[in-house]
Amino acid sequence: MKHGKKNSVGKNAVYLFYSTIFSSGLNAVTLVILAKYLDSQSYGMFSIALAYALIMGYCTDAGISVAVLREGSKKEVSLTALLSSFVKVRLVLLGITLLAGYFLIQLLYQNQPELMKIMYYLMLPMVTGLALQSISITYFQLIEEMQYLGLIRICSAVLLVVSVLSGMMLSLHPFLICLLYGFSYLLAGIVGIHLVAKRTTIHFKHAFHRGLLKNVTSFIISGLLVVLLPQLGPIVLERTLTLKQVGFFAVAYRIPSALYQIPGVLAGAFYPALFKSYNSKGEAEHLQLNLLQLKMMALTGMAMTVSFFYIPEPLISTLFGNEWLSASNALQILSLMLVLQSINVALADGLTTKALHYRRTAIQAAALLFGMAFYIGFSRQYGIEGAACAAVGIELVSLAGYWFLNPAKKALAVNMLIPYLSFFIVLFVIINYFLSESPVLAASLHLLSLTVILVADRELLHKLKGFVYKDKRAEEETTERGIGDGLS
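Residues numbered from 1 in each chain as written. Predicted model: local features only at pLDDT ≥ 70, side-chain atom pairs only at ≥ 80, totals over all residues. Heavy atoms only, no water.

J.: For this particular structure, what's the right way to read the overall build of the protein chain?
T.: Counting secondary structure elements, the protein chain contains 19 helices and 0 strands. Taking the intrachain contacts of the protein chain between residues at least 6 apart in sequence as the baseline, contacts between residues at least 24 apart amount to 81%. Carbon together with sulfur atoms contributes 67% to the accessible area of the protein chain, which is approximately 22,800 Å² in total. (Helix = DSSP H or I, 4+ residues; strand = E, 2+ residues; numbered from the N terminus. Contact = heavy atoms within 4.5 Å. Areas by Shrake-Rupley, 256 points an atom, 1.4 Å probe, with all protein chains shown as cover.)

So this is what it looks like as structure tokens:
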């Protein structure tokens, strides 16, 4: 297997950060452009089709990528044989997923031919493309060369924008726009496979690597729940609301979904460090690192929530146009998801990285069941605003579960959850009560007030300074070693 020297963790983190931000930004822009081109009913159908395509995209993986990374870290394993087995499994899963998806859509939507057609136009190229992208992304994760992973993501996002804009310029029918949307993922997948083929050869004659399927069940269940939860809304709401209302909800949901990528990158940086901390230094050190992650992600989530809670109407009007203003109340409610999701991911990572993954899975399963009930009940009673409340309700259930099932729940509550959330809620109520008529001033004051947390939490400031100085020292030591090696 031909590959060069592995990147440092810092380099890989930088590659992941800029590629995630850039690709997520372009994907969000594409959805904004698409909403401007399609009417609310067509956008509602597109959102349902997209939800199914993303779920099916995960089904072509079914946790095997995580198993590949686990097996690939073992010294005695042949990476070429492992990659060959991985590709075989993915191709089989792709065929099964597409076939099962076809029959499921026929069963559920046989009385909605227009929705079925949009699903088929989007599903086939997009699911295939997601599978191909995942193969190449997993390979570059395995050899720790994240610049190529970033290249694939950016390529996918650029192709998405170009294809959708081209379809709009040619005034194509929504069906063909959906086909182009899915085809851009397929093209990016082909680019990814081409990059892999330049680095190594996939030999299908290799014996199957049996370790790939070891303990994969927990990865399958957990991964599927992670994918299902954010896609639950459009799928369930199609049964309780009109397609037009589903379109309004989808537009409101896209904004916090895109923004969540920012704290998500932060979580990705902490994840391996939490594993190492627990395995080498024990629970006390792990708790301190997890608390730092919680505080940093909570502050990031709070800042983003504030930015969108106070000005939903100008934001919707600017991004999507006045015809989408019915989604502004839902966006205001959904903005609360950003702070809750940021905290939940940190709490969930805390469980996973100390060998309590099964608890995380149980909480996700409970959140899924509650979510279905919330979406059905709230949307029937209160429309798209009720659907937005259901999405926030899912995060509240998750927060309660992740905290309650954590052995360190007292320390988490006393050192972070109670003081941080209490300050945010009290400040939120006061500013919203007195400055509700001046949203820009309210948002600015609220953001400025969040700096009080940084000033008050001296331990957080101390740790942040420690991390900065530690990184500088590590960089200086690396430079000195490089000079020394050159002289020798």
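Alright, that's what it looks like, and here's the rest.
J.: Whenever I open this one, the pattern of salt bridges confuses me. Can you help?
T.: Between side chains of opposite charge, a pair can form when the charged atoms approach closely. One pass over the full model with this rule turns up 3 salt bridges. For Glu-238, the salt bridge goes to Arg-239, with nearest N and O atoms at 3.2 Å. (Salt bridge = Lys/Arg side-chain N within 4 Å of Asp/Glu carboxyl O.)

J.: Please clarify how the nonpolar core should be interpreted in this entry.
T.: Burial of nonpolar side chains together is a common tendency in soluble globular proteins. Of all hydrophobic cores here, the largest spans 124 residues; its most connected members are Tyr-43, Phe-46, Leu-122, Tyr-181, Met-302, Ile-343 and Tyr-375. It is helix α15 (residues 357–404) that contributes the most residues to this core, 14 residues altogether. Not counting residues up to four positions away in its chain, the partners in contact with Tyr-181 are Thr-30, Leu-31, Leu-34, Phe-46, Leu-50, Leu-122, Met-126, Leu-160, Ser-163 and Val-164. In terms of nonpolar packing, the next biggest core, distinct from the first, is built from 21 residues, Val-68, Val-77, Ile-137 and Met-146 among them. (Core = buried A, V, L, I, M, F, W, Y, C linked by side-chain atoms within 4.5 Å. Buried < 20%, exposed > 50% of the residue type's maximum accessible area, 1.4 Å probe, protein only.)

J.: Whenever I open this one, the environment of Lys-205 confuses me. Can you help?
T.: Along the chain, Lys-205 falls in the loop between α7 (174–199) and α8 (216–240). A residue is classified by how much of its surface remains accessible, and Lys-205, at 84% relative accessible area, is exposed. With 121 residues separating them in the primary sequence, Lys-205 and Ser-84 have C-alpha atoms 8.2 Å apart.

J.: Explain the side chain of Thr-361 here, please?
T.: Residue position: Thr-361 is located in helix α15. Beyond its immediate chain neighbours, meaning those up to four positions away, Thr-361 contacts Ile-221, Ser-222 and Leu-225.

J.: Would you mind showing me how to read the packing of helix α2 (residues 40–59) against helix α5 (residues 113–142) here?
T.: Between two packed helices, what matters for the description is the angle formed by their axes and the separation of those axes. Orientation of α2 relative to α5, taken along the N-to-C sense of each, is 35°, at an axis distance of 8 Å. Note on packing geometry: the crossing formed by α2 with α5 is right-handed. Every residue of α5 that contacts α2 at Met-45, Phe-46, Ile-48, Ala-49, Leu-50, Tyr-52, Ala-53, Leu-54, Met-56 and Gly-57 is listed here: Glu-114, Leu-115, Ile-118, Met-119, Leu-122, Met-123, Met-126, Val-127 and Leu-130. Looking at the contact of α2 with α5 residue by residue, the classes come out as 17 nonpolar, 1 polar and 1 charged. (Axes fitted to C-alpha atoms, helices over the stretch in contact; angles between N-to-C directions. Left-handed = near helix turned anticlockwise from the far one by under 90°. Nonpolar A, V, L, I, M, F, W, Y, C, P; charged D, E, K, R; others polar.)

J.: Just to check I follow, could you spell out the environment of Phe-428 for this structure?
T.: Note that Phe-428 resides in helix α16 (residues 409–434). Given a relative accessible area of 13%, Phe-428 falls into the buried group. Separated by 15 residues in the primary sequence, Phe-428 and Ala-443 have C-alpha atoms spaced 9.8 Å apart.

J.: In this structure, what is going on with the side chain of Ser-163? I would like to understand it.
T.: Among the secondary structure elements, Ser-163 is positioned in helix α6 (residues 146–169). Within the structure, Ser-163 has its side chain in polar contact with the backbone oxygen of Leu-160 (distance 2.9 Å). (Polar contact = N/O pair within 3.5 Å; in protein donor to acceptor, adjacent residues only side chain to side chain.)

J.: In this structure, what is going on with the packing of aromatic side chains? I would like to understand it.
T.: Two numbers describe a pair of aromatic rings. These are the distance of the centres and the angle of the planes. Under the counting rule described, the total for this entry stands at 21 aromatic pairs. Judged by centre distance (5.9 Å) and plane angle (90°), the ring pair of Tyr-52 and Tyr-109 falls under edge-to-face. One end of the pair, Tyr-52, is in helix α2; the other, Tyr-109, is in the loop between α4 (79–108) and α5, and 57 residues separate them in sequence. On the accessibility criterion, Tyr-109 (1% relative accessible area) is buried. Ring centres of Trp-403 and Phe-404 lie 6.4 Å apart, and the angle between their planes is 55°; on these two criteria the pair is classed as tilted. An aromatic cluster is built from Tyr-43, Phe-46, Tyr-181, Tyr-185, Phe-248 and Trp-324, whose rings are joined through pairwise contacts. Positioned over the ring face of Phe-404 is Lys-409, at 5.5 Å from the centre of the ring. (Phe/Tyr/Trp six-rings, centres within 6.5 Å; stacked < 30°, edge-to-face > 60°. Lys NZ or Arg CZ within 6 Å of the ring centre and 35° of its normal.)

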